[in-house]
Amino acid sequence: MANSSKKAIEEFLNESFEDESDISNVYDSDADPEYQPGENNKNINFAGPSQSLELTSADDPSADESFSESSSDSSDDEPVDNSNLWVNRYLDIPDFGFNSDSIGIKLEINESARDNPIEIFKQIWTDEITEIFVSSINKYGENMSLQCHPHNKGTKNKHSKRRISEEVQHFLAVCLLGGSIQFSVVRDMFSNNPLYYHPIAGHIKPGRRFEKLCRCFSVEYSNDTNPLVGPMKKHYPVFDMLIQNFQKSYFPDENLSSLDESLLLHRGRLVWRHNIKGKKAKYGIQFYELCTHDGYVLNVDMYKGKQTSSAVEEGVSKVDNIVLTLMKPFLNKGHSLYMDNFYNSVTL
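A quick note: this is a predicted structure, and the numbers were derived from the prediction, not measured.

Draft legend 1. Fine view of the side chain of Lys205. Relative to the assigned elements, Lys205 resides in the loop between α6 (199–204) and α7 (207–216). Exposure remark for Lys205: the relative accessible area of 4% places this residue in the buried category. Contacts of Lys205, omitting those with residues within four sequence positions, involve Glu167, His170, Phe171, Phe190, Phe210 and Leu213.

Draft legend 2. Spatial organisation of the side chain of Asp301. In this fold, Asp301 is placed in strand β9 (residues 297–302). Here Lys304 takes part through its side chain, which lies 3.3 Å from a polar atom of the side chain of Asp301. The residues touching Asp301, leaving out its near neighbours within four places in the chain, are Gln286, Phe287, Tyr288, Thr325 and Leu326.

Draft legend 3. How the structure looks around a positive patch on the surface. The grouping of Arg267, Arg273, Lys277 and Lys282 at the surface amounts to a positive patch. As for its placement among the helices and strands, Arg267 is situated in the loop between β6 (258–265) and β7 (274–275).

Draft legend 4. The packing of helix α5 (residues 165–180) against α7, seen in detail. Orientation of α5 relative to α7, taken along the N-to-C sense of each, is 95 degrees, at an axis distance of 11 Å. Put simply, α5 runs roughly perpendicular to α7. Counting all contacts with α5, which are made through Glu167, Phe171, Val174 and Cys175, the residues of α7 involved are Arg209, Phe210, Leu213 and Cys214.

Draft legend 5. Highlighting the pattern of salt bridges. A complete count under the given rule lists six salt bridges for this structure. Where Glu167 meets Lys205, a salt bridge forms, and the shortest distance between an N and an O atom there is 3.6 Å. Here Lys205 lies in the loop between α6 and α7 and Glu167 lies in helix α5, a separation of 38 residues in the sequence. Just as Glu167 is buried, Lys205 falls in that class too. Put simply, Glu167, Lys205 and Arg209 are held in one network by salt bridges that share partners.

Draft legend 6. Structural detail: the pairing of β9. Taking burial as the measure, the six residues of β9 include five buried ones, the bulk of the element. Sheet analysis places strand β8 (residues 283–291) next to β9, joined by five bridges and oriented antiparallel. Counterpart to Cys291 in the pairing with β9 is Val297.

Draft legend 7. Structural detail: the nonpolar core. Residues Trp125, Ile129, Phe133, Ile137, Val168, Phe190 and Val238 are the most contacted members of the largest nonpolar core, which totals 22 residues. The element best represented in this core is helix α4 (residues 127–147), accounting for six residues. Among all residues touching Val168, those that are not within four sequence positions of it are Thr130, Phe133, Val134, Ile137 and Arg163. Ranked by size, the runner-up nonpolar core spans 20 residues in total, among them Leu298, Val300, Val323 and Met327.

Draft legend 8. Highlighting the environment of Gln286. With respect to the helices, strands and loops of the structure, Gln286 is situated in strand β8. Assessed through its relative accessible area of 5%, Gln286 is described here as buried. Sequence-wise, Gln286 and His274 are 12 residues apart; in three dimensions their C-alpha atoms are separated by 6.4 Å. Of the polar contacts made by the side chain of Gln286, one reaches the side chain of His274; its length is 2.9 Å.

What counts and what doesn't
Residues numbered from 1 in each chain as written. Predicted model: local features only at pLDDT ≥ 70, side-chain atom pairs only at ≥ 80, totals over all residues. Heavy atoms only, no water. Helix = DSSP H or I, 4+ residues; strand = E, 2+ residues; numbered from the N terminus. Buried < 20%, exposed > 50% of the residue type's maximum accessible area, 1.4 Å probe, protein only. Contact = heavy atoms within 4.5 Å. Polar contact = N/O pair within 3.5 Å; in protein donor to acceptor, adjacent residues only side chain to side chain. Patch = residues over 30% accessible without salt bridge, like charges linked within 9 Å, V, L, I, M, F, W, Y side chains within 5 Å. Areas by Shrake-Rupley, 256 points an atom, 1.4 Å probe, with all protein chains shown as cover. Salt bridge = Lys/Arg side-chain N within 4 Å of Asp/Glu carboxyl O. Lys, Arg positive; Asp, Glu negative; His and termini not counted. Charge placed at Lys NZ, Arg CZ, Asp CG, Glu CD. Axes fitted to C-alpha atoms, helices over the stretch in contact; angles between N-to-C directions. Parallel < 35°, antiparallel > 145°, perpendicular 65-115°, else oblique. Pairing = 2+ DSSP bridges. Core = buried A, V, L, I, M, F, W, Y, C linked by side-chain atoms within 4.5 Å.

See the structure below:
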């Protein structure tokens, strides 16, 4: 009995040693620092979400085929949506190359202009513009004299006196003077009251004659074939001619420092009269102006009401249209525009 139990113990010990020798032959990655994955000739194949995990041998030629079939099946079952993926698309900002040599005044200023500054003024307010005023004022005055029949036999308003170019220039000079001097009413500028008396106004033109010119002052009747229809018909073509002369007289530097609106005081009857409580003149005509840093006006656009303020191109807002209209002569020339948040937008 003792010999049999001794033999059983020895057999058991021999079997345990054989198992330990088999375990020691297994390759241990922690024991070998030079171990690299894949040397055990085992590959893991991830078939897809609907397939189970399979261990295939590297010697098996059907491994690649099974992987391609499983991946194609998964792509057919679940299409990939690439609409929400980030795409790197960079557009280079073009360099227009601003020409700094063209900056400055473009008028022909002679030495005689020091003593006679009217020469500089006439290069902007040309004789052609003055003749347009003369022609329109005379035609409008004749129409008024025909409509307004005199009540008395010897009235002075029976016939309209024709105006000449020199008289219209005097009228414009008094208007420019009145803009820098404060008067309660226009007639006080020609009165003898020492509180309002100004010798130049009465010396240039009598007050009653000035008031008659104010009634007939217009540019609408200078051209019988006016192509415009709408609010700007009464200003054609003087408004466009003055803006063109402003742009020809001076070329701005790289920085266009201001694009903003201004309000011209007007309390008369007008369809597009604007009311802005924050302005000093609460009621008036609104202008959108493009100016330089020193206040020189380069371009002007007038507010003409909601009906005529629609965008020119489809898909462009009204505010964007204002900016593009004022900047049209200066686009693609390398200028930098400064404006407030009201005119700024993503499309611009």
